[in-house]
Amino acid sequence: MGSSASSWVSGVFLRILAGLVIVAAVIIGIALGLSLAETANITSQRDFEEFTPALPTKILDSKGTVITEFSADEKRELVALRELPRHLINAVLAREDPDFYTHKGFSIRGIARAVYGRIVDINLGGGSTITQQIAGSLHTDRTEMTLTRKLRELWWALQMERRYTKDEILELYLNYIYMGSGTYGVEAASKYYFGHSAREISIAEAALLAIQFSSPSRYNPLDNPNIAMDRQRVVLDRMIELGYTTVEEAETSFKQYWDNYDYTRAAVSAYYQREDAAPWFSEYVRRELDDMMYGSMDYYRDGYTVHTTLNLDHQREAETLMAQGLARANKEYAASRGTRLERAERTYIPIVELLSLAFNLGGIHAATDAQTKQKALTRYIKVVNPVVDMAALVFGIQDLKGITNAGFSALKERTEQNVVEGALITLENDTGYITAIVGGSKYDLSNQLIRATQGRIMPGSSFKPLYYSAAIDSRKFTASSLIYDIPMVFHNEDGTPYIPLNFKGEWYGPVLLYNALAHSMNVPSLKILDSIGFDAAIDRASALLGIQDPAVRRRTFPRVYPMGLGIISVTPLQMARAFGVFANQGRSLTPIAIRLVEDRNGRIILDKEREVRQQQRQQDTFQVISPQNAYIMTSILQKTVESGTLASGSGWGAKFTFTDEQGKRFRMPAAGKTGTTQNWSDAWAVGFTPYYTTAIWFGFDKPGNSLGLSLTGATLAGPIWGDFMREIHQGLPLRNFVKPTSGIIDVRVCAKSGLLPTADCTDGTVTLPFLEGTAPVQACNLHGNAQTLPPVPANDYITLEDEALLSTLKLPTLPPSLQLDLEEPSDDPLLEKLPAEPDYGFELPSYNPLLD
């Protein structure tokens, strides 16, 4: 106890001593500056007008090829101080330097406050005046946190105070300082953030601009509206305190701004006109730089070189193939949607009309009225609204403009619901390098959401391998475990029943675990989830997806059985990371896009890759799952590519067949999983080789529509995944998945029973990996004389005793005149897709009502 108290006293003493040294140095510096100010002869005004030349920041791919350049050109607009409203000037002064017009270039009070903050380790703001800030920006490197730099900054500030008037210094400051998102000065920033000139700025907007001078990334009102709002309040309160505005004026302006705030707008810099070989990736890097290079590190003018992980060859292939996939998806979706609507109007609406008239059912008659209104609304939005909007602009009719804005908002919402979008992201398994990103159909002003990293999407069945991994570690299940795929009911924790269906309503009876996953069977998957429990499943999925925050885990994983079918929200990047762990022998895979950043002189100022590697070495969770578990899951997922839902997309292996330098043909091993969410609204393919992991998604930005039966993970995302993976592996040598040297045993089992084969096993055999101690030891009892399957476990099917449940499953009985005679030929292609009665290969109890 005495030792710790002594250490604390020593620490405080050292801080006080350091503070006194800093204060003494500052006083000496001020004295030196004053003496120099009295004696120095500044012979040329050019000393103050020649700024450090602005250089663009170059973004390079992994091979050193220039992807694009970020520059500040066309983002600075000069404005005279006399043209700016007084409340903007007051807001800046209140925030940055209230004593600007009275001090001589420096503030003893500000310096003392900053020194005290350093002593007590509290951020009380900097001690620099406006003059010092602009002097430091023009004549020093403000990233250099040294006493020497502060002295130089102070000296130049004193010279500026001698040479310029206060208004001239303030005008220079308001036009020069970086304001975030590539804008410089209040004029360009005002147009970017608010859509109008700084000459027209309101009090609330002025307060928002004022906070951009200190931290434009953190206080960006488009990226962080809540943080910006809080800081804006502080500035407004300070303006009231200083008498710059009244409480009523501030409150009115504040309320008006946030009542009309557009929360849907993304904070993306206006650099669309530049040449860019990979605009989606460049935008992702720009946002990363915003978080990494805070303060005065200005990547729009300081000439940095950013070395990234992008492979431009991968990116070009990704953009080409995704464009083809999106074109096909939108074409087929539009055709199928038109067919469905036409059939509905031709067949069902007349029936509804007839019923409403015959039985005086006003409620359903209203549906036809709603349809008429919907058609009228559609025509207005697409045809009339653009004409009205043009008239409003030409004749300056503001009331009409508000109406047309609402129309365009409705059109935007419909577009989000009716246009198929997509995303792709690829990781290098050994390094975590992001080698390609496609964030959507086309990156432009109206399409800025990087769906590959920002889209919160239901993964469907592509989520299943994450908890299958936990099942293998539980030792309750192996790759050859026999599970029944039959209709059954699951009860959630609150007692509500859940009855899953397979794709197209087909059932397969007894299946082996690896085959159930390869063919995406839902009931076997939920039986696995039920057996291992929600806690084990969520723990494993969280570890693989990289979700550590308990609150995020609770929001992501609902403790209900639909979770097991991927009814959660994740990003394609998270899914790629999870599957990459399987490919990386169970080791953590940290996705990175920026390797390192150099300044204009070639000095490394940020080494992101080194930081990531150091963090990985220090983490206890670097080995996410065991190498044995990763190898077994990889082997199971290889079956999906060989014979499951990814087989067609991989060309039945042909897309992974290459020729080496000696002319010998080989097949690159690949593994993965598809996913199709309920109502066929999302289509996924996530897979990997020993080299790369790629996640692909197609779907809608807003839920509510179906891609249709013909656009699934296997038929839409799968082929794109196979084509892309084929192209990026061209020229690479054969590489196999690493098998652990211990803890794994390969066993040949009967492909039907999952047990050790006998001479009577006519359904073939399959070699599967097992954790030591979990391999089957019993001989097959399905073939030969025995031919007995294990009994169907109790409660594995719906029984007549479930009266309350069965009552909720009854379909309505139609009048005889409206019943469809399924014995007669039908020209409705949807009826042809109805599955026939399944052949389970065994007898279910006769009291199963779903088969009666």
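Before reading on, note that the structure itself is shown above.
Residues numbered from 1 in each chain as written. Predicted model: local features only at pLDDT ≥ 70, side-chain atom pairs only at ≥ 80, totals over all residues. Heavy atoms only, no water.

K.L.:
Explanation requested: the sheet that holds strand S12 (residues 594-598) in the structure shown.
P.N.:
The strands making up a sheet associate through backbone hydrogen bonding, with each pair oriented either parallel or antiparallel. Taken together, the 5 strands give an open sheet; going across it, the order is S2-S1-S5-S12-S13, and neighbouring strands pair in mixed fashion. Strands with a single pairing partner mark the edges of an open sheet, and in this sheet they are strand S2 (66-70) and strand S13 (604-606). Mean inter-strand twist for the sheet, computed between neighbouring axes without regard to direction, equals 25°. The pairing of strand S1 (residues 57-60) with strand S5 (residues 305-308) spans 3 bridges and is parallel. Note that in S5 the partner of Leu 60 across the bridge is His 307. (Pairing = 2+ DSSP bridges. Helix = DSSP H or I, 4+ residues; strand = E, 2+ residues; numbered from the N terminus. Axes fitted to C-alpha atoms, helices over the stretch in contact; angles between N-to-C directions.)

K.L.:
Please explain the pairing of strand S17 (residues 682-688) as it appears in this structure.
P.N.:
Here S17 lies mainly inside the structure; 7 of its 7 residues are buried. Judged by which residues are buried, S17 turns out to be covered on both faces: Asp 682, Trp 684, Val 686 and Phe 688 on one side and Ala 683, Ala 685 and Gly 687 on the other are all buried. Linking two consecutive strands that pair antiparallel, namely strand S16 (residues 671-676) and S17, is a turn of 5 residues; a positive phi of about 65° is found at Asn 679 within it. The pairing of S17 with strand S18 (residues 692-699) spans 7 bridges and is classified as antiparallel. (Buried < 20%, exposed > 50% of the residue type's maximum accessible area, 1.4 Å probe, protein only.)

K.L.:
Would you explain the nonpolar core in this entry?
P.N.:
When a protein is soluble and globular, its nonpolar side chains tend to lie buried together. Membership of the largest hydrophobic core comes to 136 residues, with the highest contact counts inside it found for Leu 289 and Phe 698. At 8 residues, the largest contribution of residues to this core is made by helix H22 (residues 572-583). Other than its neighbours up to four places away in sequence, Leu 289 contacts Ile 59, Phe 70, Tyr 299, Val 306, Ile 594 and Val 597. Among the nonpolar cores identified, the runner-up in size contains 52 residues, and Leu 93, Met 160, Tyr 173 and Tyr 261 belong to it. (Core = buried A, V, L, I, M, F, W, Y, C linked by side-chain atoms within 4.5 Å. Contact = heavy atoms within 4.5 Å.)

K.L.:
Looking at this structure, how should I read the packing of helix H3 (residues 86-96) against helix H9 (residues 203-212)?
P.N.:
Packed helices, taken two at a time, are described by the angle between their axes plus the distance between the axes. Look at H3 against H9: their axes get within 8 Å of each other, and the N-to-C directions meet at 40°. By the angle class used here, H3 and H9 are oblique. Taken as a pair, H3 and H9 cross one another with a handedness that is right-handed. Two secondary-structure elements touch here, H3 through His 87, Leu 88, Ala 91, Val 92, Arg 95 and Glu 96 and H9 through Ile 203, Ala 206, Ala 207, Leu 209, Ala 210 and Ile 211. (Parallel < 35°, antiparallel > 145°, perpendicular 65-115°, else oblique. Left-handed = near helix turned anticlockwise from the far one by under 90°.)

K.L.:
Which parts of the structure should I look at to understand the pattern of salt bridges?
P.N.:
Side chains that differ in charge, positive against negative, can pair when their charged atoms come close. Applying the stated criterion across every chain, the model contains 28 salt bridges. One continuous salt-bridge network, built from bridges that share partners, spans Glu 83, Glu 187, Lys 191 and Arg 199. (Salt bridge = Lys/Arg side-chain N within 4 Å of Asp/Glu carboxyl O.)

K.L.:
Help me understand the packing of aromatic side chains, please; the structure alone is not making it clear to me.
P.N.:
Centre-to-centre distance and the angle between the planes together describe a pair of aromatic rings. Following the criterion strictly, the structure yields 24 aromatic pairs and no others. Residues Tyr 333 and Phe 700 carry aromatic rings whose centres are separated by 5.1 Å and whose planes lie at 65° to one another, so their mutual orientation is edge-to-face. Placement of the pair is Tyr 333 in helix H13 (residues 312-358) and Phe 700 in the loop between S18 and helix H25 (713-728), with a sequence separation of 367 residues. Judged by relative accessible area, Tyr 333 falls into the buried class, the value being 3%. (Phe/Tyr/Trp six-rings, centres within 6.5 Å; stacked < 30°, edge-to-face > 60°.)

K.L.:
Explain the environment of Asn 220 here, please?
P.N.:
Positionally, Asn 220 belongs in the loop between H9 and helix H10 (225-241). Considering only alpha carbons, one finds Asn 220 and Leu 208, 12 residues apart in sequence, at a separation of 8.5 Å.

K.L.:
I tried to follow the sheet that holds strand S6 (residues 421-428) on my own but got confused; where do I start?
P.N.:
Taken in spatial order, the 5 strands make up an open sheet running S7-S6-S18-S17-S16, and their pairing is antiparallel. Looking at strand neighbours, the two that pair on one side only are strand S7 (434-438) and S16, the edges of this open sheet. Across this sheet, the average inter-strand angle for adjacent strands is 5°, counted without regard to direction.

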